[in-house]
Amino acid sequence: MAGWGPIEKDRSNGEEKANDGPPSSVRNVAFAKGLGVSAPTQIFYRPAGKCSQLTVAVGVDDYYFTKPESERKGKGNVAFEIWGDGNLLAESGVMTPYSPKKTLTANLADVSTLRLIVKPSDDKDAYDYPDWAEPKITCQ
């Protein structure tokens, strides 16, 4: 479930259509793999207790800067969270389009249901282009 447009695999969320976003990049660092979304978004996985760790880079995609400044000014702030079985495992805090990427690491030992959440900080779902980049999950 995504706030605006579909969840995009290996690219930024563009607009409302599938595959309409550019390749993912955060502060001019390109990422080949990951998920481009729009807040609010929840993505569910079922590791069924067979995985031990998730490491992922997060940030607001550079696609934000392709929009007119008059429209995007003060918008695009989001927060990333990783939840396992109802427990908060990792969080980014508020990130702006000017924030460098952050790496989140979550311990998934015995986690049955994993939830990746992106929340808008205060401006609903306007002009945010959050990326979950280069995810690495360790499983048995």
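A brief report on the enclosed structure follows. Nothing here was measured: the structure is a model prediction, and the numbers come from that model.

**Regarding the state of the cysteines**
For the coordinates displayed, the defined rule picks out 1 disulfide. Here Cys 51 pairs with Cys 139 through a disulfide, and the sulfurs are 1.9 Å apart. Taking the sign of the torsion about the S-S bond as the criterion, the disulfide between Cys 51 and Cys 139, at about 85°, is right-handed. One end of the pair, Cys 51, is in strand E6 (residues 51–60); the other, Cys 139, is in strand E11 (residues 130–139), and 88 residues separate them in sequence.

**Structural notes on the pairing of E6**
Among the 10 residues of E6, 7 are classified as buried, and the element is accordingly described as predominantly covered. Bridging between E6 and E11 involves 8 bridges; their strand directions are antiparallel. Of the residues in E11, the one forming a bridge with Cys 51 is Cys 139. Where E6 lies against strand E9 (residues 102–107), 6 bridges are found, and the strand directions are antiparallel. By the bridge assignment for E9, Leu 54 is matched with Ala 106.

**Structural notes on the side chain of Asp 61**
Along the chain, Asp 61 falls in the loop between E6 and helix H1 (69–72). Here Asp 61 is buried and forms no salt bridge, its nearest opposite-charge partner Arg 11 lying at an N-O distance of 9.6 Å. Separated by 2.8 Å, the side chain of Asp 61 and the backbone nitrogen of Tyr 63 make a polar contact. Residues in contact with Asp 61, not counting those within four places in the same chain, are Ser 12, Pro 23, Ser 24, Ser 25, Val 26, Tyr 129 and Asp 131.

**A word on the environment of Ile 137**
Assignment of secondary structure puts Ile 137 in strand E11. Those residues in contact with Ile 137 that sit more than four places away from it in its chain are Cys 51, Gln 53, Leu 54 and Leu 108.

**Notes on the pattern of salt bridges**
According to the stated counting rule, one finds 2 salt bridges in the structure shown. One salt bridge in this structure joins Lys 33 and Asp 10, with 3.7 Å as the shortest N-O distance. A residue pair is termed long-range when its members are at least 10 positions apart, and Lys 33 in the loop between strand E3 (29–31) and strand E4 (34–36) and Asp 10 in the loop between strand E1 (8–9) and strand E2 (24–26) qualify at 23 residues. A relative accessible area of 48% means that Lys 33 is categorised as partly exposed. Salt-bridge contacts for Lys 119 lead to Glu 81; the nearest nitrogen and oxygen are separated by 3.3 Å. Of this pair, Lys 119 sits in strand E10 (residues 114–120) while Glu 81 is found in strand E7 (residues 78–84), placing the two residues 38 residues apart along the sequence. The exposure class of Glu 81 is buried, given its relative accessible area of 10%.

**Some thoughts on the sheet that holds E4**
Hydrogen bonds between backbone atoms are what pair the strands of a sheet, whose relative direction is either parallel or antiparallel. Ordered by their spatial adjacency, 5 strands build an open sheet running E1-E4-E11-E6-E9, and the pairing between neighbours is antiparallel. Each edge of the sheet is formed by a strand with only one pairing partner; in this case those strands are E1 and E9.

**A closer look at unusual backbone geometry**
In this structure, Pro 40 follows Ala 39 across a cis peptide bond, with omega equal to 0°. Tracing the backbone through its elements, the reader meets Pro 40 in the loop between E4 and strand E5 (41–45). A positive phi is found at Arg 27, a non-glycine position, where the angle reads about 50°. Structurally, Arg 27 can be placed in the loop between E2 and E3. Unusually for a residue other than glycine, Glu 134 sits at a positive phi of about 50°.

Procedures and definitions
- Residues numbered from 1 in each chain as written.
- Predicted model: local features only at pLDDT ≥ 70, side-chain atom pairs only at ≥ 80, totals over all residues.
- Heavy atoms only, no water.
- Disulfide = S-S within 2.5 Å.
- Helix = DSSP H or I, 4+ residues; strand = E, 2+ residues; numbered from the N terminus.
- Buried < 20%, exposed > 50% of the residue type's maximum accessible area, 1.4 Å probe, protein only.
- Pairing = 2+ DSSP bridges.
- Lys, Arg positive; Asp, Glu negative; His and termini not counted.
- Salt bridge = Lys/Arg side-chain N within 4 Å of Asp/Glu carboxyl O.
- Polar contact = N/O pair within 3.5 Å; in protein donor to acceptor, adjacent residues only side chain to side chain.
- Contact = heavy atoms within 4.5 Å.

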